Amino acid sequence: MKREDLVAYFEALFSASLVKDYCPNGLQVEGAEHIRHIVCGVTASQALIDVAIARGADTILVHHGYFWRGEDPRVVATRRARLKKLLMHDINLFAYHLPLDLHPEFGNNTQWARVMGWRISGSCGEQSLVALGAPEAPETAEQVARSIAARTGREPMIIGDAGRIVRRVAWCTGAAQSMFELAIDAGADLYVSGEISEPTVHLARESGIPYIAAGHHVTERYGIHALGAHVADKLGLCCDFVDIDNPV
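If you're wondering where the values come from, they're calculated on a predicted model, not measured in any experiment.

*Asks:* Is there a simple way to explain the overall build of the protein chain in this structure?
*Replies:* Helix and strand counts for the protein chain come out as ten helices and 13 strands. The globule rule puts the C-alpha radius of gyration for 248 residues at 18 Å, and the 19 Å found for the protein chain is close to it. For the protein chain, the spread of C-alpha atoms along the three principal axes comes to 55 × 40 × 35 Å. Within the span of the protein chain, comprising 248 residues, buried residues form 51% of the whole. Considering only intrachain contacts with a sequence separation of at least 6, the fraction spanning at least 24 residues in the protein chain is 65%. Carbon and sulfur atoms form 51% of the exposed surface of the protein chain, whose accessible area is close to 11300 Å². Placing the 23 positive and 30 negative side-chain charges of the protein chain at their respective mean positions leaves the two points 2 Å apart.

As structure tokens, this is what we get:
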């Protein structure tokens, strides 16, 4: 498949140019013109690049790419090392951040709901980044935390009233702790995200709405995995998902 054809396919799939984001989405580093083998993962780390090189891949597809707003733009240190490897081995880098979070089929919030068995009923917040729904049956926040651990293999952190009965849950994968108040205002009995900050603890305790930090990497590994499977199925490309361990 030609590189420009994959660019066009992803734009049609995500309409990324219409999404407000703080990084460029789509092709971030240009490599081989013809694409045959893709390695996908959560983040375009050096470890993922090394795996792609070892497997002879010509393309990397990730959720977290490069060139974030506010970062030092200089090509030095780890950025230089990563880009050098990509360019030396003629590897394309595609990255989709918020467009992947928001996608109704492959999105991180949608895929997290599938992992947890939650029903999606709506959304709230800017660009509808916070998902709203319900568990299969009412359960305590502590039971939700146990279910997360069992289904993901990672022990989450729960703050606040662990005994609260959860009938309505809100969630946003990754680092979305700043949207906790939106979830509370939307009537959620529990909010789940990837990371947690110091003020989050006080808000959970004082509002009576528990907060679960399930892990940034863990909550966002399912969207890119689903996207890679779609690319392999629909476009006939070899697409390997590589889960680089990350405890955060």
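Additional details are given in the paragraphs that follow.
*Asks:* Explanation requested: the pattern of salt bridges in the structure shown.
*Replies:* Oppositely charged side chains can pair when the atoms bearing their charge come close. One pass over the structure, following the stated rule, counts nine salt bridges. Note that Glu30 and Arg3 form a salt bridge whose closest N and O atoms lie 3.8 Å from each other. Placement of Glu30 in the loop between strand E1 (26–29) and strand E2 (37–43) and of Arg3 in helix H1 (residues 3–14) is noted, with a sequence separation of 27 residues between them. The class of Glu30 is exposed, set by a relative accessible area of 53%. With a shortest N-O distance of 3.2 Å, Lys20 and Glu126 are connected by a salt bridge. Of this pair, Lys20 sits in the loop between H1 and E1 while Glu126 sits in the loop between strand E5 (119–124) and strand E6 (130–134), and the two are 106 residues apart along the sequence. Assessed through its relative accessible area of 54%, Lys20 is described here as exposed. Glu126 sits in the exposed class, given a relative accessible area of 53%.

*Asks:* I keep staring at the side chain of His217 and nothing clicks. Help me out?
*Replies:* Position of His217 among the secondary structure elements: in helix H9 (residues 216–219). With a relative accessible area of 8%, His217 lands in the buried category. One polar contact links the side chain of His217 to the main-chain carbonyl oxygen of Ile244, over a distance of 3.4 Å. Not counting the four nearest positions on each side in its chain, His217 is found in contact with Val42, Asp243, Ile244, Asn246 and Val248.

*Asks:* So what exactly am I meant to see when it comes to the pairing of E2 here?
*Replies:* If a strand is regular, its side chains alternate between the two faces of the sheet. Buried residues dominate E2, accounting for six of its seven residues. Pairing between E2 and strand E13 (residues 238–241): four bridges, direction parallel. Bridge assignment links Val39 to a residue of E13, and that residue is Asp240. In terms of handedness, the path from E2 via helix H2 (residues 46–54) over to strand E3 (residues 59–64) forms a crossover that is right-handed.

*Asks:* Quick question: what am I supposed to make of the sheet that holds strand E11 (residues 190–193) here?
*Replies:* Adjacent strands of a sheet pair through backbone hydrogen bonds, lying either parallel or antiparallel. Judged by pairing direction, the sheet is mixed, and its six strands sit side by side in the order E5-E6-E10-E11-E12-E8 without closing on themselves. One side of each edge strand has no neighbouring strand; the edge strands of this open sheet are E5 and strand E8 (157–159). Neighbouring strand axes in the sheet, compared pairwise and without regard to direction, differ in orientation by 25 degrees on average. Packing against the sheet, helix H6 (residues 141–152) makes contact with E8, E11 and strand E12 (211–213), and its axis sits at approximately 15 degrees to E12.

Calculation criteria
Residues numbered from 1 in each chain as written. Predicted model: local features only at pLDDT ≥ 70, side-chain atom pairs only at ≥ 80, totals over all residues. Heavy atoms only, no water. Helix = DSSP H or I, 4+ residues; strand = E, 2+ residues; numbered from the N terminus. Rg over C-alpha atoms; globule rule 2.2 N^0.38 Å. Buried < 20%, exposed > 50% of the residue type's maximum accessible area, 1.4 Å probe, protein only. Contact = heavy atoms within 4.5 Å. Areas by Shrake-Rupley, 256 points an atom, 1.4 Å probe, with all protein chains shown as cover. Lys, Arg positive; Asp, Glu negative; His and termini not counted. Charge placed at Lys NZ, Arg CZ, Asp CG, Glu CD. Salt bridge = Lys/Arg side-chain N within 4 Å of Asp/Glu carboxyl O. Polar contact = N/O pair within 3.5 Å; in protein donor to acceptor, adjacent residues only side chain to side chain. Pairing = 2+ DSSP bridges. Right-handed = clockwise from strand over helix to strand, strands pointing away. Axes fitted to C-alpha atoms, helices over the stretch in contact; angles between N-to-C directions.

Geometric values such as these leave the question of function open.
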